[in-house]
Amino acid sequence: MAYRPIPESVTGLEEEILHRWDEEGTFGRSLAQREAAPDFVFFEGPPTANGRPGVHHILARTIKDLIARYQTMAGHRVTRIAGWDTHGLPVELEAEKELGISGKPEIEAHGIAEFNAVCRRNIFTYKDEWERLSRRIAYWLDYERPYVTCSPEYIESVWWALAEIDRKGLLYRGHRVVPYCPRCGTGLSSHEVAQGYEDVREPAVTIKFHLVDDPDDARILSWTTTPWTLPGNLALAVGPDIGYARVRILEAPAGGTEPGRPHQGPGGARPGEVLILAESRLGEVLRHPYEVLARLEGRELAGSRYEPLFPGAVERGDSETAWTVLEADFVTVDEGTGVVHTAVMYGEDDYRLGREAGLPMQHTVGEDGAFLDGVPGGLAGRHVKEPDTERAIRDWLVSHDLLYAREIYEHSYPHCWRCESALLYMARHSWYIRTTAVKDRLIQYNREVAWQPPEIGRGRMGE
C-alpha cells in the first residue's frame, strides 16, 4: 500500500482542538469539577528525560491516556501526575560519554561528586521534547507538579518504604548467583535480562578431566559453552540414574578423525585412552572409533576424584569434596556429555550443589570481569570475554592434555540492555526483599486487579 500523508485539514483540526484545550484550561477544569468525586490515582511511569522519546512511547502513552479518559468519563477525579526518572545507569552512561570515561573505576578516578554534578546537569536534556510530544498526541499530564526521582522528597519516600519493609523483617542480605554486568558494575533483574538476549557464535569445549587413582588412567568428558568458568571448576555432576560408558579409543582412521566427525582446532585422544561419558551421547560426542569396556550408572561414579584443571586458581581449604564427582538432579543427556562441569560461583545449579556438598566458595573472576591474580595460565588480569582470553584458555588446555574437542556453538546469550556488554552469572552479595513470605497475599491481590487484557494478570503477572 502506498504511503499517504495525513491531510493538512486533519492536522489543522488537531492543532485547533489542542489550542482550544489550552485556552479553556480543559484539563484543569476536568479536575476542578470533580473535587468531590472518587479518585482514580494515576502516576506516569516516568521516562528518562536525558533520552529522546520514540515511536514506541507514543503507543504506550496512547493506551495509558485511554484508560485515564475512560475513568474520567466513568465519574472519577483522575489525577495525572507526570514524573521524571533521573536516577540509574541511563543517566550515568550519558555522563560517561560527555566526560570520555567508561565504567565504575574511571568514574571513581574522575571524582564521584563531579560525576554526579554532570549527571544532574544532563537529566532534563530532552524535557521540552517530552512535553511537546505529550501535548501533540493529546496525552494529558500534570507537568506543574511532577515527581522527580532525584528530589529529596522522593528519595525520602523510598527510604521510608525500605524502612517499613525492614521493620516487617522482610529485608535481608543474601549471597547468590545473579546476572551481572561487569562494565556497569551492577546486577540485573530478570525483566532487564529479558531485554538483552543476542544470538552469538562462541567456542564450546569438551574437556578431559583426569581421574586420580583410576586403574585405566581414565578421563571423564564434560562439555561447556562458557570456557571462562573452567578455572573455577570444583566438581563434576552426574545423574545417579543415568547410564554411562567406559570406552577405549581405538586406532584413529586415516586423516585422524572418524568420517562425518569434523573437529575444529587442536585436542583429541590417543589410541588406547579410556574415556567416560553418558552412553546415550557416545555417537554425538566421540569423533574417534572406540570400544565399550563397561557400563555403569552415575551413582557408581560419585565420589571419584580428579585433578584440578587450573591448580592454584581455587584453594581447597578444608573441603573434602572439591574436585570430585557428585550426584545432581539437574543433569540431563539432551546435549553435551551427560556430565556437568560445576563452577560453584558461576551458575545457579552449581552454587546450590556447592553449598550442599561443602565445596569452596571462591571467585576466580573479579567484579571487573577479569581473572584474579591467582589464576594460572597467563589469565590473571584478562577480561573473561576477550577473544585473546579464550585462546589462552585453549592453549592451557591443549598443553596439559585436557582438551578433547572444540566447536563453534551458536546460542542466545544475555547482554546488558544499557551498554550491550555480555552478562556474567556470578555469585554476589546483595540486598533482597523476602517476597516468599508474602507470596500468598501477592497472588491474592493480583487476582483482584482488573488487568487489561485479562491474560496479562493470569500470565506474566500471575506467573
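Just above sits the structure.
Residues take numbers from 1 onward in each chain, read along the sequence in its written order. In view of the model being predicted, local features appear only for residues whose pLDDT reaches at least 70, and side-chain atom pairs are presented and counted only at 80 or more, with totals across whole chains, interfaces and linings using the full set of residues. Hydrogens and waters are ignored; side-chain quantities use all the structure's heavy atoms.

A. Looking closely at the overall build of the chain. Helices and strands together make up the secondary structure of the chain, namely 15 helices and 15 strands. A compact globule built from 463 residues would reach a C-alpha radius of gyration of about 23 Å, whereas the chain, at 29 Å, exceeds it by more than 25%. With the principal axes as the frame, the chain shows a C-alpha extent of 90 × 60 × 50 Å. Note on classification: 1.4 Å probe, protein chains only; a residue is buried when its accessible area is under 20% of the maximum for its type, exposed when over 50%, partly exposed between these limits. Out of the 463 residues in the chain, the part that is buried amounts to 42%. Long-range pairs, those at least 24 residues apart, make up 75% of the contacts in the chain with a sequence separation of at least 6. Each accessible area value is a Shrake-Rupley result obtained with a 1.4 Å probe; residue values ignore everything except the protein chains displayed when judging cover. Total accessible area computed for the chain in this model is approximately 25,600 Å², and 52% of it derives from carbon and sulfur atoms. The charged-residue count follows a simple rule in which Lys and Arg add positive charge and Asp and Glu add negative charge, with His and chain termini not counted at all. Think of each charge as sitting on NZ of Lys, CZ of Arg, CG of Asp or CD of Glu. Charge-centre separation for the chain: the mean point of 52 positive side chains lies 4 Å from the mean point of 72 negative side chains. Strands are runs of DSSP state E lasting at least two residues, helices are runs of H or I lasting at least four, and both sets are numbered from the N terminus onward. Throughout, the radius of gyration refers to the C-alpha atoms, and the reference size of a globule is 2.2 Å times the residue count to the power 0.38. Contacts are residue-level and defined by heavy atoms, with any inter-residue pair within 4.5 Å sufficient.

B. Highlighting unusual backbone geometry. Cis rather than trans, the peptide bond between Gln452 and Pro453 has omega equal to -5°. With respect to the helices and strands, the residue Pro453 is situated in the loop between α14 (439–448) and α15 (454–461). In this structure, Ala138 takes a positive phi of about 65° despite not being glycine. Following the sequence through the fold, Ala138 ends up in the loop between α7 (127–136) and β3 (142–148).

C. Here's a closer look at the sheet that holds strand β15 (residues 424–433). Strand order in the open sheet formed by three strands is β5-β4-β15, with antiparallel pairing between adjacent strands. Each edge of the sheet is formed by a strand with only one pairing partner; in this case those strands are β5 (186–187) and β15. At least two DSSP bridges between two strands are required for those strands to pair. The sheet contact formed by strand β4 (residues 171–181) and β15 spans 10 bridges and is antiparallel. Paired with Tyr172 across the strands is Tyr432, a residue of β15.

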